[in-house]
Amino acid sequence: MRSRFFHSQEDEEHLEASNEVFWNCLLQHMHEDDWSHPPCSALDVGCHRGGLLLRLLGRWQLRSLYGIEPIAEAREHAALRLNGLVPSVELLDAAGWERIPKGCIDLVTCHEMLYLEPDVSGFMARLQRVLSQGGRAYVVLGCHAENPVWPLWRPVLEDMGHRVYGHRPMDILAAAGAQGLLPSVRPLRTSGWITHDPGLSTFSFPSVGDMMNHHFKHKLLFRFMRP
């Protein structure tokens, strides 16, 4: 069992800071969506240390939180941050989906995890099972087969010991539709600054143009709604 996602403890601790701009965009898009009833329950798939779940609590008065996270140390860290903030918190390992009651989740988030999932159809089936009627899942993914920088990043992730998969966005949409979910997609970011120091980055870009395209074109936000 892995003790961290990155080789470096420093990279592990800085992950939330590097995700901040993407999480802010995700939260804004979710907030602007037309919710007939505010969500009461949320699941973050790949919740790591619970940073995104904390931000969801800042937007909605959630009564129950779930997190799926395979790294035990990260789950323990998330538990320290989240326990006591809402009536119910459950942090589960990757095999814990079946412990989530059917149809109980109003809001699912998943940021840059799907490239670690070998079976997109199975992932969509799990989403369909846990989502409530009218529930929504928001999945962010830049590490996919249509992104030109993915072939550069895939070996880096494999050198870290991860088994990764280059899913096609159209296949992701099709897998959701096959489960009866309503699939939509848009760019995650459309404007703003890109903070990037090439000398400190684990994942490099061949050019500024490639970096701009990753942030504003290829970093996708999928939305899957259960009618």
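See the structure shown above.
Summarised in this report is the structure supplied together with it.

Considering the sheet that holds strand S1 (residues 41-45)
And step 1. Sheet architecture is open: seven strands sit in the order S3-S2-S1-S4-S5-S7-S6, paired in mixed fashion. Lying at the two open borders of the sheet, with one neighbouring strand each, are strand S3 (88-92) and strand S6 (182-187). Neighbour to neighbour, the strand axes of the sheet diverge by 15 degrees on average, direction disregarded.
And step 2. Pairing of strand S2 (residues 64-68) with S3 involves five bridges; the strand directions are parallel. When the sheet's bridge partners are listed, Leu 65 is paired in S3 with Val 89.
And step 3. Contacts between helix H2 (residues 51-59) and the sheet are confined to S1, S2, S3 and strand S4 (105-111), with S2 contributing the most and set at about 160 degrees to the helix.
And step 4. Contacts from helix H6 (residues 169-178) reach strand S5 (131-141), S6 and strand S7 (220-225) within the one sheet, and its direction differs from that of S7 by about 10 degrees.

Observations regarding the nonpolar core
And step 1. Of all hydrophobic cores here, the largest spans 43 residues; its most connected members are Leu 43, Val 45, Phe 123, Met 124, Leu 127 and Phe 224.
And step 2. Broken down by secondary-structure element, the contributors of at least two residues to this core are S1, S2, S4, helix H4 (120-130), S5, helix H5 (150-159), H6 and S7.
And step 3. The greatest single-element share of this core, amounting to five residues, is contributed by H4.
And step 4. Not counting the four nearest positions on each side in its chain, Val 45 is found in contact with Ile 68, Trp 97, Val 108, Thr 109, Cys 110, His 111, Met 113 and Phe 123.
And step 5. One finds Leu 27, Cys 47, Leu 62 and Val 86 within the second-largest nonpolar core, a separate group that totals 24 residues.

Parameters and conventions
Residues numbered from 1 in each chain as written. Predicted model: local features only at pLDDT ≥ 70, side-chain atom pairs only at ≥ 80, totals over all residues. Heavy atoms only, no water. Pairing = 2+ DSSP bridges. Helix = DSSP H or I, 4+ residues; strand = E, 2+ residues; numbered from the N terminus. Axes fitted to C-alpha atoms, helices over the stretch in contact; angles between N-to-C directions. Contact = heavy atoms within 4.5 Å. Core = buried A, V, L, I, M, F, W, Y, C linked by side-chain atoms within 4.5 Å. Buried < 20%, exposed > 50% of the residue type's maximum accessible area, 1.4 Å probe, protein only.

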